[in-house]
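# Descriptive structure summary
Chain residues, written in single-letter form:
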Amino acid sequence: MILPIVGYGDPILRKEAQPITADYQGLDQLIDDMFETMYSADGVGLAAPQIDRSIQLVVIGFRPYDEKTDTYSENEERHVLINPEIIEEKGEKEYFNEGCLSIPDIHEDVLRPKSIVLHWFDENFDEHEELIDGMFARVAQHEIDHLHGKVFTDRLSPLRKTMIKRKLNDVATGKVHAKYRMKRTSKR
Ligand code: ZN
């Protein structure tokens, strides 16, 4: 089932999401629904607060890019992150152009570490602690921000923030229309 996506300005995107346990009701179905919602909106990652659930659950799916052949792999890389925690940031930081399904029409370069040591549980509640990099590390960091009430525009310079302020306000007041279904944010 495709779920409506919560837009910038909704208070749930500013909340600290709660960790979950393996007996969380309807978890398998929720994960399926989140993947379906993400793919239907052409996203590469989705965090549970974006579908109106304040829990520490993230889905990620993308086709890895191969620099040598300048093509995208046929095989998709998929990850489910439950209660993820960044243990350590590694290496240099780099800029990468990010967008967010909760903030349609805004794309900005965001500075983040290239690689991180990540601790998480997968959909079977198997525990992982791995050094990850590339697209996985980039998307994971963006999505983990959502679990802590942060969005990518918070990480921009004061100048860039000022420049996109009106656009952000348009999203918050429902003036921006996405190609996918969004949850109507209550008037404040
Ligand atoms: Zn996002």
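Right above here is the structure, for reference.
Small disclaimer: the values here were computed from a predicted structure and weren't measured.

So, how was this worked out
- Residues numbered from 1 in each chain as written.
- Predicted model: local features only at pLDDT ≥ 70, side-chain atom pairs only at ≥ 80, totals over all residues.
- Heavy atoms only, no water.
- Donors = N, O, S within 2.8 Å, 3.2 Å for Na, K, Ca; no water.
- Helix = DSSP H or I, 4+ residues; strand = E, 2+ residues; numbered from the N terminus.
- Buried < 20%, exposed > 50% of the residue type's maximum accessible area, 1.4 Å probe, protein only.
- Core = buried A, V, L, I, M, F, W, Y, C linked by side-chain atoms within 4.5 Å.
- Contact = heavy atoms within 4.5 Å.
- Phe/Tyr/Trp six-rings, centres within 6.5 Å; stacked < 30°, edge-to-face > 60°.
- Lys NZ or Arg CZ within 6 Å of the ring centre and 35° of its normal.
- Salt bridge = Lys/Arg side-chain N within 4 Å of Asp/Glu carboxyl O.
- Polar contact = N/O pair within 3.5 Å; in protein donor to acceptor, adjacent residues only side chain to side chain.
- Pairing = 2+ DSSP bridges.
- Expected span 1.5 Å × (residues − 1).

Those protein atoms acting as donors to the zinc ion are Cys100 (SG), His142 (NE2) and His146 (NE2), and they sit at 2.1 to 2.2 Å. In the primary sequence, the donor residues of the zinc ion line up as C-x41-H-x3-H. Taken as a pair, cysteine 100 in strand 5 (residues 77–100) and histidine 146 in helix 2 (residues 134–147) lie far apart in primary sequence, 46 residues in all. Neither residue differs from the other here; cysteine 100 and histidine 146 are each classed as buried.

Glancing now at the nonpolar core. The biggest cluster of nonpolar side chains holds 20 residues, and the ones touching the most others in it are Ile31, Met34, Leu46, Leu57, Val59 and Val80. When residues of this core are traced back to their parent elements, those giving at least two are helix 1 (27–40), strand 2 (57–62) and strand 5. Considering every element that reaches this core, the biggest residue donor is helix 1, with six residues. With near-sequence residues (within four places) excluded, leucine 46 lies in contact with Met34, Thr37, Met38, Ile51, Leu57, Val58, Val59, Leu101 and Glu143. Residues Phe62, Val139, Ala140 and Leu147 belong to the second largest nonpolar core, which totals 16 residues.

Another point: the packing of aromatic side chains. In this structure the tally under the stated criterion is four aromatic pairs. The side chain of arginine 78 reaches across the aromatic face of phenylalanine 35, ending 3.8 Å from its centre.

All right, on to the pattern of salt bridges then. Oppositely charged side chains can form a pair if their charged atoms are brought close together. Under the counting rule described, the total for this entry stands at eleven salt bridges. As a salt-bridge pair, arginine 160 and glutamate 108 come within 2.7 Å of each other at their nearest N and O atoms. Here glutamate 108 lies in strand 6 (residues 103–121) and arginine 160 lies in helix 3 (residues 158–172), a separation of 52 residues in the sequence. Owing to a relative accessible area of 31%, arginine 160 belongs among the partly exposed residues under this scheme. The closest approach of N and O atoms between aspartate 170 and lysine 175, which form a salt bridge, is 4.0 Å. Lysine 175 sits in the exposed class, given a relative accessible area of 59%. Each of Glu98, Arg112, Arg138, Asp145 and Arg155 takes part in a single network of salt bridges with overlapping partners.

Bringing the side chain of glutamate 98 into the picture now. With respect to the helices and strands, glutamate 98 occurs in strand 5. On the basis of relative accessible area, glutamate 98 is assigned to the buried category, the value being 5%. One polar contact links glutamate 98 to arginine 138, side chain to side chain, over a distance of 2.7 Å. The residues touching glutamate 98, leaving out its near neighbours within four places in the chain, are Ile106, His107, Glu108, Val110, Arg112, Arg138, His142 and Phe152.

Moving on, we get to the pairing of strand 5. Where strand 2 meets strand 5, six bridges bridge the pair, whose relative direction is antiparallel. Bridging across to strand 5, isoleucine 60 finds its partner in histidine 79. Where strand 5 meets strand 6, 13 bridges bridge the pair, whose relative direction is antiparallel. The residue of strand 6 that forms the bridge with phenylalanine 96 is valine 110. Between the antiparallel neighbours strand 5 and strand 6 lie two residues.

One turn of an α-helix holds 3.6 residues; hence residues three or four places apart share an orientation. Here helix 1 contains 14 residues, and its C-alpha end-to-end distance of 20 Å stays within 8% of the 20 Å for a straight helix at 1.5 Å per residue. Within the span of helix 1, buried status applies to Leu27, Leu30, Ile31, Asp33, Met34, Phe35, Thr37 and Met38. Buried residues belonging to helix 1 abut strand 1 (45–47), strand 2 and strand 5. Note on helix 1: the residue one or two positions beyond its end, aspartate 42, has a positive phi of about 60 degrees.

Read these as layout, nothing more, since geometry by itself doesn't imply function.
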